[in-house]
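Chain residues, written in single-letter form:
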Amino acid sequence: MADASSTQKVTIDGHEVMVPPGTTILDAAERVGVVLPRYCYHPGLSAPALCRMCLVEVEGAPKLLPSCVQQVQDDMVVHTTSADARKARRAVIEFLLVNHPLDCPICDAAGQCELQDYAFETGQLHTRVTDPKMVLGRDNVTPEIVYFGDRCILCTRCVRFMDEVAQEPVLQVVQRGHKGYIDTMTGDLFEHAFSMNIVDVCPVGALVNEDFLFKARAWDLDQAPSICPGCSQGCNISLGTKENQIRRAKPRPNMEVNSYWMCDEGRKTVVNWGSGDRLEVPMLKGDSLLPVDWQRALSALTEALRGEPGAARGVASAGASNEALYILRRLMEVAGFDGGYFAVPMAEEHVLAGFPKLALRSERVPNARGAELFGFERSDDPYAEVASHTGALFVLDDPLDGAPEGFGASAAIFVYLGTRLSPAARRADIVIPVTTFAEMEGTFTNFQGRVQRFAPALQPPGLARPLWMSGSATLERLGTGSAYRSAAETFAALAGDYEEFDGLTYESIGPGGSLIASARTQTARAG
Amino acid sequence: MAYPHSHPRETRILSEHFGEIEATTLDGWIERGGYKAVEKALGSMSREQVIEVVKESGLRGRGGAGFPTGLKWSFMPKDDTLPHYLVCNADESEPGTFKDREIMRWTPHQLLEGCIIGSYAIGASHCYIYIRGEFVDVIPVVNQAVVDAYSRGYLGRDILGSGYSLELTVHLGAGAYIAGEETGMLNSLEGRRAEPRIKPPFPAAKGAFGMPTTVNNVESLAVVPHIVTNGGDWYRQWGTEKSSGTKLFSCCGHLQKPGTYEIAMDFNLKDLLYDLCGGPPEGREFKAVIPGGSSVPILAADELDAECSYEGLEAAGSMVGSGGLIAMDDSTNMVHAVRRMVEFYAHESCGQCTQCREGTYWAAKILRRIERGGGREEDIPLLLDISANMAGKTICVLSDSAAAPIVSSIQKFQDDYMALIAKGQHAAVGT
Ligand SMILES: Cc1cc2nc3c(=O)[nH]c(=O)nc-3n(C[C@H](O)[C@H](O)[C@H](O)COP(=O)(O)O)c2cc1C
Ligand code: SF4
Ligand code: SF4
Ligand code: FES
């Protein structure tokens, strides 16, 4: 039974709900499935209650109240669709359109615009405005973000993001009243590692990423939940794809990892990830490297491992998934695991001051922690560790840029599992095409030890398949396991073999991610 | 008869020394009985007693809202763990209002006395006077008074040996009407944009710099020394039960003798207009009067027989507001007058609230179009609907203030609108 002193009863459009004191009407309404329209309110920012879009009728109150800041009181009765509340909402839409250019056909936000959405929802489809509109024009606020002044509804979300979250208060409302617009204090462009979040928070098409400008209509994009591979933070993202290409990445809320935000660099990394010429078919070395079908490729790999090539050493990419690294480890174990190495590209760290849990981490790979859990070691020069190895040599999705001349020449067998065929990779005996994170289901383990799932967003090119698929099929041929039918099944096997993952399943990880065992006890101790 | 215009029917408490240049100096003020009230309050009264006597007097805030001053003071937290502030609202920007200017220009020490006693009553250690920046002639007078008061120990540490210390800072506004709204003022004082805050929290809980704060109008504070000296009952001898004492009305527009007049609050508006202000110019008649600053509803000529009390003017269909009376004679085109007012609000809206930012702009556009001969009959219901959509839905009441003259002018002077619409061409009403 609910503790009466700690919860309050509110009735919203006839639905009763018990909420803790301090809950806003807007939040309470969401609990009963009533989503109130809002412009200035954003859950990751302070609430200035200035757009007045979320006004509701509260019995006994002399005026309509802004639900985004009005806290519930016990026995409050709220009507969100009373005639007055609906009229007020329609009026706000009408007012917002007084000076709005209605250039939806050429606006990047069309299809994901809260002004469009509510205009349709509130049924305000005609305008009574016959007088000329103000014209404000457009201007850059950062080298990559354009501000379309005419579309701006002055909700100040962007200003508050820079003030409160970035904690670099560079944006402000300039002028006042209807002449108001958004600009930097000095009028100069600004730069910030997290600046593109202002595009995300903008409820309309006033702030636009130049990179995406006119690239795609929002409704043409397919969306897939994913994890940013840009650094070891593991920001939860949504990949927007069109024609089998990643067009953009937007943050997906996860309060444990990235709140509502992600960094600019991550967005760019994602869009460029896996671009360029792709390795699309398995290949075997005869006189030269020649494409083969999967049967022959897997047979060759099976044969090679059966032939006792000598203990295996390998170089892996820490951008590979947990599942791929696990399978790699098992393939290497067939020959005898003799050491696996990975490089961690490092760059400057940028902490998001207002949500310091989130940083663009200096480790610019997503799964260094995972690679370590499967027994791979980080190394400043992983190529040197394996260069003169004489047994089996495995390389997983490392482009081998900068590998020494004659890399892999001394190995009994050189297996290259990758997405691109660099000149160094061309020296491999067996080449297996694998998929990028965007082309498969899988998990990364972030710097905290949080295992997070990503979903496939793209079709893999040509014959490329996830390594769990080709690798486990090989293991089956070798008689050391069974071929997995899914990434989830692979993960279940992995969790059975590695204690850190014990008890985790795709289902239990869910959309928010789960900590590995040692990280759980750490947080428990810290908490 | 000295001060620009004065009249025997006035009740001159605040304005007694208006026009006397010596009263602006500290010595001149002390000769006129100045700072006795400060001595009394700080020397022999507790904070609670000061609040009590102001409550007894029935004094209501003169800045526009008419909220009882003593009651407002009593909302301040009783414990002093956090610093308290008194902010004197001297931003006087309401069109038609210039009575605070007269208080500061002629009797700066009268205001300082009020500030000191008010600060003492609410336990403030620092008082700010936020003066409208355009008051270039008033600012040096107040500044000099502050310097003199410090030099004589009326301000600063241990005032008159009472153990009470108070710092006072004069802060200049930068030209925004909205900085007169009390929470907009607090933001401006803190160096932010003068944007009104959502309430709650009220200033008494979280005001200047996040600390308990009281904001009072110049006139509200300036009368406090008289109440402390003479008592609450003395103040109640004027006015009505609900509207005690006297009030300054700054009267402007089409009047023979415009000026600032101090009247008991039960004075008749018609007498104020015809007797004290000398009526409309020769050969003209009043057409409309706004009794309390542009934010209050307009009264028509047949509504002027009203008592100038809060309840009296409300019964007549308007409000005391700030006491900024604007008289308009029969040469006035009301569409023109209202358009001018709405443009003022459009210019001064801080722009936070959608209804206010866009509504003032849109309504001004429509009014201007009507004025220029492009009006349509459906503009009338449209203006009324826009006004309804603007009123009662925003953070502060500027939006309501902009809507009020539109509505009252359409209700009372629709003929002016219809004539312009009918004319359907450029109307010769100037700009
Ligand atoms: C738009 C707007 C402008 C205002 N301007 C002034 C002003 O110039 N001077 C003033 O004393 N009060 C002004 N007020 C009223 C103040 O918010 C506040 O009520 C007043 O200063 C309180 O003092 P009082 O209680 O002594 O009247 C304004 C209010 C609004 C909404
Ligand atoms: S640019 Fe966008 S986020 Fe910023 S104030 Fe305008 S509408 Fe709001
Ligand atoms: S009503 Fe107007 S002036 Fe007042 S806060 Fe809102 S926008 Fe600003
Ligand atoms: S969402 Fe509540 S006022 Fe803007």
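**Topic: the site of ligand 2**
Alright, step 1. Surveying the vicinity of ligand 2 reveals 14 residues, the closest of which are Cys-152, Cys-155, Thr-156, Cys-158 and Cys-202 of chain A.
Alright, step 2. Residues that form the shell around ligand 2 fall into these classes: 12 nonpolar, 1 polar and 1 charged.

**A closer look at the side chain of Arg-450 of chain A**
Residues and elements named next belong to chain A.
Alright, step 1. As for its placement among the helices and strands, Arg-450 is situated in strand β25 (residues 450–454).
Alright, step 2. Side-chain polar atoms of Arg-450 contact the backbone oxygen of Gly-512, separated by 3.4 Å.
Alright, step 3. One polar contact links the side chain of Arg-450 to the main-chain carbonyl oxygen of Gly-513, over a distance of 3.3 Å.

**What to know about the sheet that holds strand β9 (residues 324–329) of chain B**
Residues and elements named next belong to chain B.
Alright, step 1. Taken in spatial order, the 5 strands make up an open sheet running β6-β5-β9-β7-β8, and their pairing is mixed. The open sheet has two edge strands, β6 (259–264) and β8 (299–300), and neither has a second partner.
Alright, step 2. By the bridge criterion, 4 bridges tie strand β7 (residues 286–290) to β9 in an arrangement that is antiparallel. Looking across to β9, one finds that Ile-290 is bridged to Ile-326.

**Points about the packing of helix α15 (residues 354–374) of chain B against helix α18 (residues 414–423) of chain B**
All names here are of chain B.
Alright, step 1. It is at 7 Å that the axes of α15 and α18 come closest, and there the two elements cross at 60 degrees. With respect to α18, the axis of α15 lies oblique. Residues Leu-367, Ile-370 and Glu-371 of α15 touch α18, and the partners they reach there are Tyr-417, Leu-420 and Ile-421.

**Things to note about a nonpolar patch on the surface**
Alright, step 1. Judged by side-chain polarity, Phe-67, Leu-71 and Phe-75 of chain B come together as a nonpolar surface patch covering roughly 270 Å² of accessible area.
Alright, step 2. Residue class for Leu-71 of chain B comes out partly exposed when judged on its relative accessible area of 33%.

**Points about the site of ligand 1**
All names here are of chain B.
Alright, step 1. Neighbouring ligand 1 are 19 residues; Gly-63, Lys-72, Asn-89, Asn-217 and Ser-220 lie closest to it.
Alright, step 2. Here Lys-72 contributes a side-chain N or O atom positioned 2.8 Å from an oxygen atom of ligand 1.
Alright, step 3. Between ligand 1 and the protein, one listed contact pairs an oxygen atom with a backbone N or O atom of Glu-92 at 3.3 Å.
Alright, step 4. In the complex, the protein chains occlude 91% of the 600 Å² of accessible area that ligand 1 would expose alone.
Alright, step 5. Looking at the shell around ligand 1 element by element, the count peaks at 3 residues for strand β4 (residues 213–217).
Alright, step 6. For the shell around ligand 1, the per-class residue count stands at 5 nonpolar, 8 polar and 6 charged.

**Things to note about the interface of chain A and chain B**
Alright, step 1. Contacts between the two partners involve 35 residues from chain A and, on the opposite side, 32 residues from chain B.
Alright, step 2. Overall, the association of chain A and chain B removes approximately 2,900 Å² of surface from exposure, summing both partners, and the carbon and sulfur fraction of that is 54%.
Alright, step 3. There are 4 salt bridges connecting chain A and chain B.
Alright, step 4. Asp-385 of chain B is the partner of Lys-87 of chain A in a salt bridge, and the nearest nitrogen-oxygen pair spans 2.8 Å.
Alright, step 5. There are 17 residue pairs in polar contact (both at pLDDT 80 or more) connecting chain A and chain B.
Alright, step 6. Counting residues per element, the ones that place at least two in the side of chain A that touches chain B are α2 (83–98) and β8 (171–174) of chain A.
Alright, step 7. Grouping the amino acids of the side of chain A that touches chain B by side-chain chemistry returns 21 nonpolar, 5 polar and 9 charged.

**A short note on the domain arrangement of chain B**
Residue and element names in this part refer to chain B.
Alright, step 1. Domain annotation for chain B reports domain 1 (21–236), domain 2 (246–329) and domain 3 (334–430).
Alright, step 2. For domain 1 versus domain 3, the distance between C-alpha centres works out to 36 Å.
Alright, step 3. Contact residues are listed per partner, giving 14 residues for domain 1 and 8 residues for domain 3.
Alright, step 4. Of the roughly 840 Å² buried between domain 1 and domain 3, counting both surfaces, carbon and sulfur atoms make up 68%.
Alright, step 5. The largest contributions to the domain 1 side of the interface with domain 3 come from Tyr-177, Ile-178 and Pro-196, which together make up 53% of the buried area.
Alright, step 6. Across the domain 1-domain 3 interface, the total number found is 0 salt bridges.
Alright, step 7. If you look at where domain 1 meets domain 3, you find 2 residue pairs in polar contact (both at pLDDT 80 or more).
Alright, step 8. Here the residues of the side of domain 1 that touches domain 3 are counted per class, giving 7 nonpolar, 2 polar and 5 charged.

**With respect to the packing of aromatic side chains**
All names here are of chain A.
Alright, step 1. Within the structure shown, the criterion is met by 31 aromatic pairs over all chains.
Alright, step 2. Ring centres of Phe-337 and Phe-376 lie 5.9 Å apart, and the angle between their planes is 85 degrees; this geometry places the pair in the edge-to-face category. Remark: Phe-376 occurs in strand β20 (residues 376–378) and Phe-337 occurs in strand β17 (residues 337–342); sequence separation between them is 39 residues.
Alright, step 3. We classify Phe-337 as partly exposed; its relative accessible area is 24%.
Alright, step 4. Owing to a relative accessible area of 2%, Phe-376 belongs among the buried residues under this scheme.
Alright, step 5. Of the aromatic side chains, those joined through ring pairs into one cluster are Tyr-326, Phe-374, Phe-491, Tyr-498, Phe-501 and Tyr-506.

**Details of the sheet that holds strand β5 (residues 76–79) of chain A**
Residue and element names in this part refer to chain A.
Alright, step 1. Spatially, β2-β1-β5-β3-β4 is the arrangement adopted by the 5 strands of the open sheet, whose pairing is mixed. If you trace the sheet from one side to the other, it starts and ends with β2 (15–19) and β4 (65–66), each paired once.
Alright, step 2. Two elements, strand β3 (residues 55–58) and β5, share 2 bridges in a ladder whose sense is antiparallel. In the sheet register, Val-58 faces β5, and the bridge partner there is Val-78.
Alright, step 3. Against the sheet, α2 engages β3 and β5, with an angle of about 165 degrees to β3.

**A short note on helix α6 (residues 264–272) of chain A**
Residues and elements named next belong to chain A.
Alright, step 1. Residues Asp-264, Gly-266, Arg-267 and Val-270 constitute the buried set of α6. Looking down the long axis of α6, one finds its buried residues gathered within 165 degrees of arc, a one-sided arrangement.
Alright, step 2. As for α6, its buried residues are in contact with α5 (197–201), β12 (236–242) and β13 (245–251).
Alright, step 3. Gly-274 occupies a position one or two residues after α6 and carries a positive phi of about 75 degrees.

How each quantity is defined
Residues numbered from 1 in each chain as written. Chains lettered and ligands numbered in written order. Predicted model: local features only at pLDDT ≥ 70, side-chain atom pairs only at ≥ 80, totals over all residues. Heavy atoms only, no water. Near = heavy atom within 4 Å. Nonpolar A, V, L, I, M, F, W, Y, C, P; charged D, E, K, R; others polar. Helix = DSSP H or I, 4+ residues; strand = E, 2+ residues; numbered from the N terminus. Polar contact = N/O pair within 3.5 Å; in protein donor to acceptor, adjacent residues only side chain to side chain. Pairing = 2+ DSSP bridges. Axes fitted to C-alpha atoms, helices over the stretch in contact; angles between N-to-C directions. Parallel < 35°, antiparallel > 145°, perpendicular 65-115°, else oblique. Contact = heavy atoms within 4.5 Å. Patch = residues over 30% accessible without salt bridge, like charges linked within 9 Å, V, L, I, M, F, W, Y side chains within 5 Å. Areas by Shrake-Rupley, 256 points an atom, 1.4 Å probe, with all protein chains shown as cover. Salt bridge = Lys/Arg side-chain N within 4 Å of Asp/Glu carboxyl O. Buried < 20%, exposed > 50% of the residue type's maximum accessible area, 1.4 Å probe, protein only. Buried area = accessible area lost by both parts, 1.4 Å probe. Domains from an automatic or database assignment. Phe/Tyr/Trp six-rings, centres within 6.5 Å; stacked < 30°, edge-to-face > 60°. Arc of directions from axis to C-beta.

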